[in-house]
Amino acid sequence: MVNGSSWPRGDVMRVSVLGATGSIGASTLDLIGREPAQFAVQAVTANSNAVALAALAKKHGAKLAVVSDPAAYAALKSTLAGTGIDVAAGPAGLEVAAAMEADCTVAAIVGVAGLAPALIAVARGQRVALANKECLVSAGRFFMANVRRHKTELLTIDSEHSGVMQVLETRNRDQVVKVTLTASGGPFRTWTAEAIATASLEQALQHPNWTMGPKITIDSATMMNKGLELIEAQHLFDLAPAQLDMLVHAQSIVHALVEYSDGSVLAQLAQPDMRLPIALALNWPRRRPTPTPRLNLATAPALTFEAADETRFPCIRLSREAMQRGGGATAALNAANEVAVAAFLAKRCKFGHIAQVVSASLDLLDGRGLLGEPQNVGAVMELDGETRRVAAETLAGLGDGR
Ligand code: NDP
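Quick notes on the rules
Residues numbered from 1 in each chain as written. Predicted model: local features only at pLDDT ≥ 70, side-chain atom pairs only at ≥ 80, totals over all residues. Heavy atoms only, no water. Salt bridge = Lys/Arg side-chain N within 4 Å of Asp/Glu carboxyl O. Helix = DSSP H or I, 4+ residues; strand = E, 2+ residues; numbered from the N terminus. Buried < 20%, exposed > 50% of the residue type's maximum accessible area, 1.4 Å probe, protein only. Polar contact = N/O pair within 3.5 Å; in protein donor to acceptor, adjacent residues only side chain to side chain. Contact = heavy atoms within 4.5 Å. 1 Å grid on protein atoms, 1.4 Å probe; cavity = no way out; pocket = protein on both sides within 12 Å on 5 of 7 lines; lining within 4 Å. Points joined across faces, edges and corners; volume = space filled by probe spheres on them. Nonpolar A, V, L, I, M, F, W, Y, C, P; charged D, E, K, R; others polar. Pairing = 2+ DSSP bridges. Axes fitted to C-alpha atoms, helices over the stretch in contact; angles between N-to-C directions. Right-handed = clockwise from strand over helix to strand, strands pointing away.

Undergrad: How should I be thinking about the pattern of salt bridges in this particular structure?
TA: Side-chain pairs of opposite charge can arise whenever the charged atoms involved come near each other. Per the counting criterion, the structure on display carries 26 salt bridges. A salt bridge links Lys226 to Glu229; its shortest N-O distance comes to 2.6 Å. Of this pair, Lys226 and Glu229 both sit in helix H11 (residues 224–236), separated by three residues, roughly a single helical turn. Assessed through its relative accessible area of 1%, Glu229 is described here as buried. Each of Lys133, Asp158, Glu160, Lys226 and Glu229 takes part in salt bridges that share partners, so that together they form one network.

Undergrad: Any chance you could explain the side chain of His161 here in plain terms?
TA: Along the polypeptide, His161 turns up in helix H7 (residues 159–167). The exposure class of His161 is buried, given its relative accessible area of 0%. A polar side-chain atom of His161 sits 3.2 Å from a polar atom in the side chain of Glu232. Excluding residues within four positions of it along the chain, His161 makes contact with Thr156, Leu181, Glu229, Glu232, Ala233, Leu236 and Phe237.

Undergrad: Whenever I open this one, unusual backbone geometry confuses me. Can you help?
TA: Trans peptide bonds make up the majority, and among non-glycine residues the majority have a negative phi. In this structure, the amide linkage connecting Trp284 to the following residue, Pro285, adopts the cis form with an omega of 10 degrees. Counting through the fold element by element, Pro285 comes out in the loop between helix H12 (275–283) and helix H13 (314–325). Residue Ser252 is not a glycine yet carries a positive backbone phi of 50 degrees. You can see Ser252 is positioned in the loop between strand S9 (244–248) and strand S10 (254–260). For Ser252, a relative accessible area of 4% puts it in the buried group.

Undergrad: What should I look at first to understand the environment of Gln268 in this one?
TA: Secondary-structure assignment places Gln268 in strand S11 (residues 265–269). Along the sequence, Gln268 and Leu257 sit 11 residues apart, while their C-alpha atoms lie 6.8 Å from each other. Leaving out residues up to four positions away in the same chain, Gln268 has contacts with Ser159, Gly163, Gln166, Val167, Ile253, Val254, His255, Ala256 and Leu276.

Undergrad: Help me out: how do you make sense of empty space enclosed by the protein in this one?
TA: Unfilled space is identified by rolling a water-sized probe across the atoms. In total, this model carries two cavities of 30 Å³ or more according to the counting rule given. Size it by volume and the largest cavity reaches roughly 60 Å³. What lines the largest cavity is a set of 13 residues, and nearest its centre among them are Ser159, His255, Gln268, Leu276 and Pro277. For the lining of the largest cavity, the secondary-structure elements that each account for two or more residues are H7 and H12. Here the element with the most residues in the lining of the largest cavity is H7; it accounts for four residues. Looking at the lining of the largest cavity, its residues break down into five nonpolar, seven polar and one charged. Estimated volume of the second largest cavity: approximately 50 Å³. Gly185, Arg189, Met223, Val248, Glu306, Ala307, Ala308, Asp309, Arg312 and Phe313 together form the lining of the second largest cavity.

Undergrad: Help me understand the sheet that holds S10, please; the structure alone is not making it clear to me.
TA: Sheets are built from strands that pair by backbone hydrogen bonding, the pairs being arranged parallel or antiparallel. Judged by pairing direction, the sheet is mixed, and its four strands sit side by side in the order S9-S8-S10-S11 without closing on themselves. Two strands in the sheet have a free side with no partner beyond their single neighbour: S9 and S11. Strand-to-strand twist of the sheet, defined as the mean angle between neighbouring strand axes without regard to direction, takes the value 20 degrees. Relative to S10, strand S8 (residues 176–183) runs antiparallel, the two sharing five bridges. Among the inter-strand pairings, Lys178 is bridged to a residue of S10, identified as Glu259. Packed on one face of the sheet, H11 meets S8 and S9 and runs near 145 degrees to S9.

Undergrad: Would you mind going over the pairing of strand S1 (residues 13–18) with me for this structure?
TA: When a strand is regular, its side chains alternate between the sheet's two faces. S1 sits mainly inside the fold: five of its six residues count as buried. Alignment of S1 against strand S2 (residues 39–46), held across four bridges, turns out to be parallel. Residue Met13 lies in a different strand from S2, and its bridge partner there is Phe39. In this fold, the crossover linking S1 to S2 by way of helix H1 (residues 23–34) has right-handed handedness. Two strands pair when backbone bridges link them, and S1 and strand S5 (residues 104–107) are joined in this way by four bridges, in the parallel orientation. Pairing of Ser16 across the sheet is with Thr105, part of S5.

Okay, structure coming up:
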C-alpha cells in the first residue's frame, strides 16, 4: 500500500472498473453486487465486448460505459438506449472513464493498453486498486513517481502482492531481507522441457488453481507471470532485485513470505480466490467478510515448496535478467511477451516459441542499443512499439509454427 490509509470517508464508496468484462472485473463486480448499500458504480469499460459491458452497466447502475474499440460503439449505444447510462468509445472515452470522479478506480485492463488510463486515474489522487501488472513492468519508475506526486492511495490486487502488503511491517521496512512470491507452477509444473515446448493451447489454458483471463493464464504456464510479478513487487514495495525471490508452491495457499533480519519469516495464507485481495483493496484498511472459502489446514492438502526451474521455464531467467538491467529491458520484455502470447493464443506459434521470441527480441534491441533506461513514459511507449515490430518480425521468421 502506498500513501493514505483512511477509508471509509463516507457511507458509499464510488467505484469505477476499467476492464469490467474481464476476470478481475467480474470478481470486483461480484463483490460490489453483494453489498449494494456500500458501493456505487461510476464507470465501467471493456475493449470490444459491448453486449457484456451493457449488461454489467445496467445491472450495477453505472453512470458511464465505454468500449475502447470504436467499432463496438454502435452496439453499446443501441443496447443502452433509454437507460440514462452515458456511452463513449475509443481512447478518448477511456480517458473520460479513468478521469471520472470515483473514490476507487479498479485498473483491470490487460496489458500495456491499461497504462494510459491507469495513469489518468492515478493523477486524480484518489484510491487506485491495481491489477494490471504490465503497467509496472513497462513503466514502473514513472508510474510510482506519479503515485507519489499525486499522493494516490495505491493498493495492489495481485494476490501475492496483497500477501506481501499484509505481512510487510511498516515499522521494520529497513529490516526486510527477502520477499518471496509463490507460484503454482502452472499446468506444466511436472512436464519435461520437450513436452512443454510443444504443449497445445488447450493444455496451456488449463490452470490448476486459478480461473483467469487468457493472457495471464498463458503467462502462468510459461511462468513469465511470476517474473512479471517480481518486477511488479520491485516497484510496488521499493525493493532491490536481490531482495526478491520466487518459490513453487503447487497448492497456492501460501501467497507470499517476508523474511526479516532476525530470521523471522511472515507469510500470508488463504484459499486461492481473487475476491479476497480485491475486497481488501476496496475496503483497506478494514477487513470485511468475503465469500472466499475458509482455510482449514487440518484438511488442506500438504503444503509443498520447491525451487523454480529456470531451464524448463526460461521466461523466469529472461525476466530476472530484465529486472537486473532496468526499465528499458523490462518494458521490452513485456511488449515482446504480449506479442508472443497473442500469437500463441491465436495458434500462430508453438508454446516453446514464446520464450524464444522474447529472448531474440531483447537480444536484437540490445544489439541496437535500445535497452537503456527510458527517460519518460513517451520513451517507454516508443520502445514498446519498436519491440512489438521486432517481435512480430521474429515471429514471422519462425514460419508456420503451429
Ligand atoms: P481478462 O482478459 O479477463 O480481461 C481483460 C479486460 O480488459 C476486459 O474487460 C477486456 O475487454 C479489457 N481489454 C482488453 N484489451 C483492451 C484494450 N486494448 N483496451 C481496453 N481494454 C481492454 O484479463 P484479467 O481480468 O485476467 O486480467 C486483467 C489484469 O489483471 C491483467 O493485467 C492481469 O495480469 C491482472 N491480474 C489478473 C488476475 C486474475 O486472476 N485474472 C490475477 C492478478 C492480476 P473485452 O472483454 O472487451 O476484451
